[in-house]
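Secondary and tertiary structure notes
If you want the building blocks of each chain, they are given just below.
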Amino acid sequence: MAFPHRLDAPELPDFSMLKRLARDQLIYLLEQLPGKKDLFIEADLMSPLDRIANVSILKQHEVDKLYKVENKPALSSNEQLCFLVRPRIKNMRYIANLVNADKLAGRFRKYKVILTPQKFYACEMVLEEEGVYGDVSCDEWAFSLLPLDVDLLSMELPEFFRDYFLEGDQRWINTVAQALHLLSTLYGPFPNCYGIGRCAKMSYDLWRKLEEEEDSETKGRRPEIGHIFLLDRDMDFVTALCSQVVYEGLVDDTFRIKCGSVDFGPEVTSSDKSLKVLLNAEDKVFNEIRNEHFSNVFGFLSQKARNLQAQYDRRRGMDIKQMKNFVSQELKGLKQEHRLLSLHIGACESIMKKKTKQDFQELIKTEHALLEGFNIRESTSYIEEHIDRQVSPIESLRLMCLLSITENGLIPKDYRSLKTQYLQSYGPEHLLTFSNLRRAGLLTEQAPGDTLTAVENKVSKLVTDKAADTRWNLAQISSPGKITDAFSSLAKRSNFRAISKKLNLIPRVDGEYDLKVPRDMAYVFSGAYVPLSCRIIEQVLERRSWQGLDEVVRLLNCSEFAFTDMAKEDKASSESLRLILVVFLGGCTFSEISALRFLGREKGYRFIFLTTAITNSARLMEAMSEVKA
Amino acid sequence: MNRTKGDEEEYWNSSKFKAFTFDDEDDELSQLKESKRAVNSLRDFVDDDDDDDLERVSWTGEPVGSISWSIKETAGTSGSAPEGREQLKGRNSFYTQLPKPTSTYSLSSFFKGRTRPGSFQSLSDALSDTPPKSYAPELGRPKGEYRVCSLERFRSLQDKLQLLEEAVSMHDGNVITAVLIFLKRTLSKEILFRELEVRQVALRHFIHFLKETGDQKLLLDLFRFLDRTEELALTHYREHLNIQDPEKRKEFLKTCIGLPFSAEDSAHVQDHYTLLERQIIIEANDRHLESAGQTEIFRKHPRKASILNMPLVTTLFYACFYHYTESEGTFSSPINLKKTFKIPDKQYVLTALAARAKLRAWNDVDALFTTKNWLGYTKKRAPIGFHRVVEILHKNSAPVQILQDYVNLVEDVDTKLNLATKLKCHDVVIDTCRDLKDRQQLLAYRSKVDKGSVEEEKIDAILNSSQIRWKN
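Residues numbered from 1 in each chain as written. Chains lettered and ligands numbered in written order. Predicted model: local features only at pLDDT ≥ 70, side-chain atom pairs only at ≥ 80, totals over all residues. Heavy atoms only, no water.

1. As for the overall build of chain B
- Counting its regular elements, chain B contains 25 helices and 2 strands.
- Among the 472 residues that make up chain B, the fraction classed as buried is 47%. (Helix = DSSP H or I, 4+ residues; strand = E, 2+ residues; numbered from the N terminus. Buried < 20%, exposed > 50% of the residue type's maximum accessible area, 1.4 Å probe, protein only.)

In structure tokens, the structure reads:
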């Protein structure tokens, strides 16, 4: 239970430096607008900002009132307005409208826009077009790495996923490269680099270019982190689409962890209030159960409660002096633990109630069947019934995507019938959602007679060899039109079944899989499936290269985008060589984090996670949905 | 992990707590309950203490002094927020050891000292009369300096395209878009489209840019030019989401019907239009009926929301709820909806069942599953499996007598027994055990029914019956 870290586990670098850095930069920017000012903050930035600063810091730098950026006229009467926003067109329009309204009213104020993590040219174009360019000063706040935990850095850019994987917009690649550059400046160069995916490759290239350009002090530094691994989310959609059953993942799926904290409603707190709780390694109770399979959590919590009881009981029969000691030294800790215990017990109960209600058992059974590829008909009708009963639209969509990816697309008859029923149950406008899902390769239809013919096989091999990420590249090679479509649908084949076989993702179970004493990373999915993303990382780290994984890489359609780069002179200490930074482009799930933490304990590594955002199946589906709830 | 963190850290990381009371209703979690009890028994001890080591928490649960909290305050009273208790610690300047936090890759950088041979070199040469940095947006200077980009010197098509290709080869989407904005301004539509068609990366950026800026007209032109007919149709169709007025939305959908969707989507769009058309009629009618106050169903069950823009299944549910008995001729009749939209039997039965069960109209429920054969015998049939029927009835708190009938119709004996036991349909359990000649199970069940009840008597009668040959 609650595996401690191995004694020989390497120490993690101190990432709190990143917070101070971001805060100092923000303060610097605020000081660029001297005097009293009102600050308008975009809703999405409030939680990240809360993690690095607070009101009194802002006040010290003459921020008077705080407002949320929303589509309403500003009530502020301040002579100076400052806006802290993401670089989005709609934000710029909002600001431009506000400035123009002031102008119309003959009002003169000073305006400053702070865009984070970076400016986009298109944003300034909007200011120019609206005629306020020059009235507004624009700054950039390079706040792109938020340490959510001792081993977890988030860029807090959920839109990365849609922007890149649906729209093909590479705007955030520079942000990623900048973030990596910052890390290597602070924590030394990374002697060993690996990656897979088109975005990974581009980010890596751009980052390298930055480093060359700066040609800086980093060269002489000793590396603190021995390896870096970049991975595109579309290498493994399957894992992200599965229901999570480790505690932290389950809490995320059920309550949505936002920026490292969660809002526990009255049903959890057993009071009339909601409570915002930070979930990280500082929470001693949480830290011990976060990576556990949910079925172990109860036992752990009750054990913990008994221990706590025993510790409290010790006060009986104490003399005055001992009691004094007890109160001054232990009581505070016990009280804290007691609070945390109550909260997590409440959370577990609430999760159980919800899951029992929605027939979780049957759902998990269907997922496992899909992963293993048996009873496809049965699973399909399960999904159909899900849709017919108007159970959550996101859930239905997720199951359809899981079916599609594991089966290399739906057979046309099923695709049509499920789509029709979906539109009837949840609204015809979801037509647009289906079109998005198809473009992203998440929900596709098998081409008629798509059991690969010999000819197609040849073509597909040719195609994958020639241009690995055919999704994008093929369109360039071949003339536009029907042929392209045919080719790209071919290229998008997920090949999940073949990859799963090759990498042994479905563990052979003899007898019961003991979730209390996991034997492999599959425990994060009840022993049914080893997360593909984590398996790839494990295999490459073992080999220190992609050697021997050619077939897997080919099946992932990534022959051109799997890379290794080793430093020639190895100045890295053996300790640093056991620290691995894994970069998830497009988001990672808590299940993946738990799985890799497990792997780390087994092998004596420690993983550090950098993700564009924490994700889960619901977030992925919502990102693809055209109809905002 | 045992690194010492500043007070700041502790402030942000400490979690809040509210006294714990427990509710006893859940019987599935004995383990949890036990832990809870243990924790709970400590409550008094803990709560007696003052809680001054806790941070103050506002009613929303945000820590007082946090930014999210403060914004809510401004929204409410616009009074000044209380000070948080954390003081800014001495500003630790690591800018010294830090990289210049500058160096966003920008357009300028690829002109700077380019050594690439070929015409591009000459291009930068031609520009050498101004310092290279001023050609491009200097993105990423936190110092706030910002030089306006001027790409005006790239006038020949060849120069422009080279500029674009260079941007693409750098992978930075922001730079690609910047160049595209310039090209959009300085090239005719046709030329721009033609060149983008063979540059897919740039094309995707351009499409996304048009979507974001809402330049619908140019986007449609582009799709037309590229002959991407489906995307053209979908993009046009998408606009209906921005139209609130139902009549106008309907008219707009009408214009979508002829668009070049796939055959399959064409039908869906047609259905969308028809559905909204019906909804508008039903809505007007029912609003009138409801306000007139003459119709019983509307008086008993006032409508909670308008039916406009609801999905088809919801509309069907509504029709089954308010207009169940109407003849097929009216737009609001369920049968009419079923025929118009070719709703499969299964879906229809599920929906009708849910609606009628909600109204506790058990006769209607009965009728849904009753079929007559040519000899006039009646038989119960369900396209969805009777265990589902039972589940839905149970959710709508159907009485045991009703449930019983349907549990009896479940074909699989095990499922039937499980359901009957779960839902306390004693007769079914008892009869099934008898039919199975399962004396042991019947005995076991005897302990579950109330002492002295009719059920107990019935069980005893069966157990004592000499006519049954028990299998155990």
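There is more to say, and it comes next.
2. What about the confidence of the model for chain B?
All names here are of chain B.
- Averaged over all residues, the pLDDT of chain B is 75; the fraction at 70 or higher stands at 69%.
- Within the model, the stretch residues 1–28 combines pLDDT values under 50 with 75 contacts to residues more than four positions away or in other chains.
- Here the predicted complex carries an ipTM of 0.91, next to a pTM of 0.83. (pLDDT = per-residue confidence, 0-100. Contact = heavy atoms within 4.5 Å.)

3. Observations regarding the packing of aromatic side chains
- For the coordinates displayed, the defined rule picks out 35 aromatic pairs over all chains.
- Ring centres of Y247(A) and F286(A) lie 6.1 Å apart, and the angle between their planes is 55°; on these two criteria the pair is classed as tilted. Of this pair, Y247(A) sits in helix 10 (residues 247–255) while F286(A) sits in helix 12 (residues 284–289), placing them 39 residues apart in sequence. As far as burial versus exposure is concerned, Y247(A) and F286(A) are alike and both buried.
- On the numbers, 6.2 Å between centres and 25° between planes, the contact of F317(B) with F321(B) is stacked. Of this pair, F317(B) and F321(B) both sit in helix 16 (residues 312–322), 4 residues apart, which is roughly one turn of the helix. (Phe/Tyr/Trp six-rings, centres within 6.5 Å; stacked < 30°, edge-to-face > 60°.)

4. Some thoughts on a nonpolar patch on the surface
- A grouping of W374(B), L375(B) and Y377(B) is seen on the molecular surface, where their side chains present a nonpolar patch of about 470 Å² in accessible area.
- Looking at the secondary structure, you find Y377(B) in the loop between strand 1 (370–372) and strand 2 (378–380). (Patch = residues over 30% accessible without salt bridge, like charges linked within 9 Å, V, L, I, M, F, W, Y side chains within 5 Å. Areas by Shrake-Rupley, 256 points an atom, 1.4 Å probe, with all protein chains shown as cover. Salt bridge = Lys/Arg side-chain N within 4 Å of Asp/Glu carboxyl O.)

5. Concerning the packing of helix 1 (residues 16–31) of chain A against helix 7 (residues 173–187) of chain A
Residue and element names in this part refer to chain A.
- Relative orientation of the contacting elements helix 1 and helix 7 amounts to 115°, with a least axis distance of 12 Å. Helix 7 is crossed by helix 1, and the crossing has right-handed handedness. Contacts from M17, L18 and L21 in helix 1 reach L182, L183, L186 and Y187 in helix 7.
- For the contact of helix 1 with helix 7, the class distribution of residues is 7 nonpolar, no polar and no charged. (Axes fitted to C-alpha atoms, helices over the stretch in contact; angles between N-to-C directions. Left-handed = near helix turned anticlockwise from the far one by under 90°. Nonpolar A, V, L, I, M, F, W, Y, C, P; charged D, E, K, R; others polar.)

6. Points about the environment of Q390(A)
- Topologically, Q390(A) is positioned in the loop between helix 16 (376–388) and helix 17 (393–406).
- Assessed through its relative accessible area of 32%, Q390(A) is described here as partly exposed.
- Expressed as a C-alpha distance, the spacing of Q390(A) and Q421(A), which sit 31 residues apart in the sequence, is 9.9 Å.
- Ignoring anything within four residues of it in the chain, the contact list for Q390(A) reads S425(A), Y426(A), V313(B) and T314(B).
- Among the polar contacts made by the side chain of Q390(A), one reaches the side chain of T314(B) at a distance of 3.0 Å. (Polar contact = N/O pair within 3.5 Å; in protein donor to acceptor, adjacent residues only side chain to side chain.)

7. Comments concerning the packing of helix 18 (residues 345–358) of chain B against helix 20 (residues 386–395) of chain B
All names here are of chain B.
- Between helix 18 and helix 20, whose axes approach to 9 Å, the crossing angle comes to 30°. Considering their axes alone, helix 18 and helix 20 lie roughly parallel with respect to each other. You can see that helix 18 and helix 20 cross each other, and the crossing is right-handed. Contact residues: helix 18 offers L350, L353, A354 and A357, while helix 20 offers V389, I392 and L393.
- Of the residues that constitute the contact of helix 18 with helix 20, the class distribution is 7 nonpolar, no polar and no charged. (Parallel < 35°, antiparallel > 145°, perpendicular 65-115°, else oblique.)

8. Side note on the sheet that holds strand 2 (residues 63–69) of chain A
All names here are of chain A.
- Spatial ordering of the open sheet is given by 2-1-3-4-5, a layout of 5 strands whose pairing is parallel. A strand with exactly one partner marks an edge of an open sheet, and here the two such strands are strand 2 and strand 5 (136–140). The average angle at which neighbouring strand axes cross in this sheet is 20°, direction not considered.
- Across 5 bridges, the pairing between strand 1 (residues 37–42) and strand 2 is parallel. Its bridge partner lying in strand 2, L39 is registered against L66.
- Here helix 2 (residues 43–52) sits on the sheet and contacts strand 1, strand 2 and strand 3 (80–85); the angle it forms with strand 1, its principal contact strand, is near 105°. (Pairing = 2+ DSSP bridges.)

9. Details of the nonpolar core
- If you look at the biggest cluster of nonpolar residues, it comprises 260 residues, and the most contacted ones within it are W141(A), L183(A), Y247(A), L442(A), L596(A), F607(A) and F206(B).
- No other element matches the 10 residues that helix 14 (residues 320–357) of chain A contributes to this core.
- When sequence neighbours within four positions are dropped, the list of residues in contact with W141(A) reads A22(A), Q25(A), L26(A), L29(A), L49(A), I52(A), L84(A), I114(A), L115(A), T116(A) and P117(A).
- Counting 56 residues, the second-largest nonpolar core is a separate cluster that includes L393(B), A398(B), C433(B) and I468(B). (Core = buried A, V, L, I, M, F, W, Y, C linked by side-chain atoms within 4.5 Å.)

10. Observations regarding the confidence of the model for chain A
- Per-residue confidence for chain A gives a mean pLDDT of 88; residues scoring 70 or more make up 90%.
- Scored below 50 in pLDDT, residues 452–491 of chain A makes 54 contacts in the model with residues more than four places away or belonging to other chains.

11. A closer look at the side chain of R86(A)
All names here are of chain A.
- Secondary-structure assignment places R86 in the loop between strand 3 and helix 4 (89–104).
- Within polar-contact distance, the side chain of R86 engages the backbone oxygen of T116 at 3.2 Å.
- One polar contact links the side chain of R86 to the main-chain carbonyl oxygen of E156, over a distance of 3.0 Å.
- Residues contacting R86, with those up to four places away along its chain left out, are E42, L45, N91, L115, T116, P117, M155, E156, L157 and E159.

12. Structural notes on the environment of S533(A)
Residue and element names in this part refer to chain A.
- Mapped onto the elements of the fold, S533 is located in helix 24 (residues 532–543).
- Judged by its relative accessible area of 0%, S533 falls in the buried class.
- In sequence terms S533 and R416 are 117 residues apart; their C-alpha atoms lie 31 Å from each other.
- Once residues lying within four places of it in the same chain are set aside, the contact partners of S533 are L231, R233, D236, T239, F584 and E592.

13. Focus on the pattern of salt bridges
- Scanning the entire structure with this criterion turns up 72 salt bridges over all chains.
- In this structure, R208(A) engages D565(A) in a salt bridge whose closest nitrogen and oxygen atoms are separated by 3.6 Å. With R208(A) in helix 8 (residues 198–214) and D565(A) in strand 12 (residues 562–566), this pair connects stretches of sequence that are 357 residues apart.
- The class of D565(A) is partly exposed, set by a relative accessible area of 29%.
- Residues R199(B) and E165(B) are paired through a salt bridge, measuring 2.7 Å at the closest nitrogen-oxygen approach. Residue R199(B) is located in the loop between helix 9 (189–197) and helix 10 (200–213), and its partner E165(B) is located in helix 7 (residues 157–170); the two are separated by 34 residues in the primary sequence.
- By relative accessible area, which is 40% here, E165(B) ends up partly exposed.
- Several salt bridges share partner residues, and in doing so they unite R162(A), E167(A), R439(A), E626(A), K211(B) and R238(B) into one network.

14. Considerations on the UniProt feature "domain: Vps16 C-terminal" (unreviewed entry) in chain B
Residue and element names in this part refer to chain B.
- The feature "domain: Vps16 C-terminal" (unreviewed entry), as annotated in UniProt, sits at residues 156–256 and 337–450 in this numbering.
- Along residues 156–256, the helical share is 82% and the strand share 0%, with 40 Å between the first and last C-alpha atoms.
- End C-alpha to end C-alpha, residues 337–450 measures 48 Å, and it is 64% helix and 5% strand. (UniProt positions renumbered as here; feature names shortened; annotations may be inferred.)

15. Digging into the sheet that holds strand 6 (residues 146–149) of chain A
Residue and element names in this part refer to chain A.
- A sheet is described by the order of its strands in space; here 7 strands give the open sequence 6-7-14-13-9-8-12, paired in mixed fashion. Taken across any chain shown, the strands that pair with only one partner, and hence form the sheet edges, are strand 6 and strand 12. Across the sheet, the mean angle separating the axes of adjacent strands is 20° when strand polarity is ignored.
- Two elements, strand 6 and strand 7 (residues 152–154), share 3 bridges in a ladder whose sense is antiparallel. Within the sheet, the bridge partner assigned to P147 lies in strand 7 and is L153.

16. Things to note about helix 24 of chain A
Residues and elements named next belong to chain A.
- With 12 residues, helix 24 should cover 16 Å at 1.5 Å per step; its first-to-last C-alpha distance of 17 Å lies within 8% of that length.
- Burial within helix 24 is extensive, with 10 of its 12 residues counted as buried.
- Taken together, the buried positions of helix 24 are L532, S533, C534, R535, I536, I537, E538, Q539, V540 and L541. (Expected span 1.5 Å × (residues − 1).)

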